[in-house]
Amino acid sequence: QVQLVESGGGLVQPGDSLRLSCTTGDQYFSSYAMSWYRQVPGKERELVADITAGGGGVTNYAESVRGRFIIFRDNTKNAVYLQMNSLKPEDTAVYYCCADGTDWYGPDSVYWGPGTQVTVSS
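Treat the numbers as computed from the prediction; the structure is a model and nothing was measured.

**Some remarks on the overall build of the protein**
Now for step 1: In terms of regular secondary structure, the protein is built from 1 helix and 11 strands.
Now for step 2: Along the chain direction, N to C, the helices and strands of the protein fall in the order β-β-β-β-β-β-β-β-β-α-β-β.
Now for step 3: For 122 residues, the compact-globule estimate of 2.2 N^0.38 gives 14 Å, and the C-alpha radius of gyration of the protein, at 14 Å, lies within 12% of that figure.
Now for step 4: With the principal axes as the frame, the protein shows a C-alpha extent of 45 × 30 × 25 Å.

Right under this line is the structure:
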């Protein structure tokens, strides 16, 4: 089973930046599409950004973060990142990394990290 570990969360003020990291020891990391989700208590997790598997860089962003956040991956380090700029209080959430290998490994090949807290407050 793929194990994911997020890091980089913290408490920042509006307008600040954070970079979240998600790493795994899985040797097939490059075969997984990677995504960042976020969740606040009482609400479903929402997609923040995703990036396709392999060496390309096709990305997708939620409208609420487009132009402020950037997702990118480094397959040599088995890592995906979320650069978060111009943070707003409404960005406050637990951010989760997700690896999706369903195109290669079957419908159950979706894995989640434990999450990292991002708090944006004055």
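Moving on from the coordinates now.
**Brief notes about the sheet that holds strand 1 (residues 4-7)**
Now for step 1: The antiparallel open sheet is built from 4 strands, whose spatial order is 1-3-8-7. Two strands close off the open sheet at either side, each with one partner strand: strand 1 and strand 7 (69-74). Sheet twist, expressed as the average angle between the axes of neighbouring strands with direction ignored, equals 15°.
Now for step 2: Two strands pair when backbone bridges link them, and strand 7 and strand 8 (residues 79-84) are joined in this way by 6 bridges, in the antiparallel orientation. Bridge pairing in strand 8 links D74 to A79.

**Let's talk about the state of the cysteines**
Now for step 1: Applying the stated rule across the entire model yields 1 disulfide.
Now for step 2: Put simply, C22 and C97 are joined by a disulfide, and their sulfur atoms are 2.0 Å apart. Disulfide C22-C97: torsion about the S-S bond near -80°, hence left-handed. Here C22, found in strand 3 (residues 18-24), pairs with C97, found in strand 9 (residues 93-100); they are 75 residues apart in sequence, far enough to count as distant.
Now for step 3: The class for C97 is buried, based on a relative accessible area of 0%.
Now for step 4: Free of any disulfide, C98 has its nearest cysteine sulfur in C97, 7.3 Å distant.

**Describing the nonpolar core**
Now for step 1: Core analysis: the biggest nonpolar cluster contains 29 residues, and M34, W36, V80, L82 and Y95 have the highest contact counts within it.
Now for step 2: Listed by contribution, the elements that provide at least two residues to this core are strand 3, strand 4 (33-39), strand 5 (46-51), strand 7, strand 8, strand 9 and strand 11 (116-120).
Now for step 3: The element contributing the most residues to this core is strand 9, with 4 residues.
Now for step 4: If we ignore the near neighbours within four places in the chain, the residues touching Y95 are E6, L20, W36, Y37, R38, V48, F69, L82, M84, G115, T116 and V118.

Rules used throughout
- Residues numbered from 1 in each chain as written.
- Predicted model: local features only at pLDDT ≥ 70, side-chain atom pairs only at ≥ 80, totals over all residues.
- Heavy atoms only, no water.
- Helix = DSSP H or I, 4+ residues; strand = E, 2+ residues; numbered from the N terminus.
- Rg over C-alpha atoms; globule rule 2.2 N^0.38 Å.
- Pairing = 2+ DSSP bridges.
- Axes fitted to C-alpha atoms, helices over the stretch in contact; angles between N-to-C directions.
- Disulfide = S-S within 2.5 Å.
- Buried < 20%, exposed > 50% of the residue type's maximum accessible area, 1.4 Å probe, protein only.
- Core = buried A, V, L, I, M, F, W, Y, C linked by side-chain atoms within 4.5 Å.
- Contact = heavy atoms within 4.5 Å.

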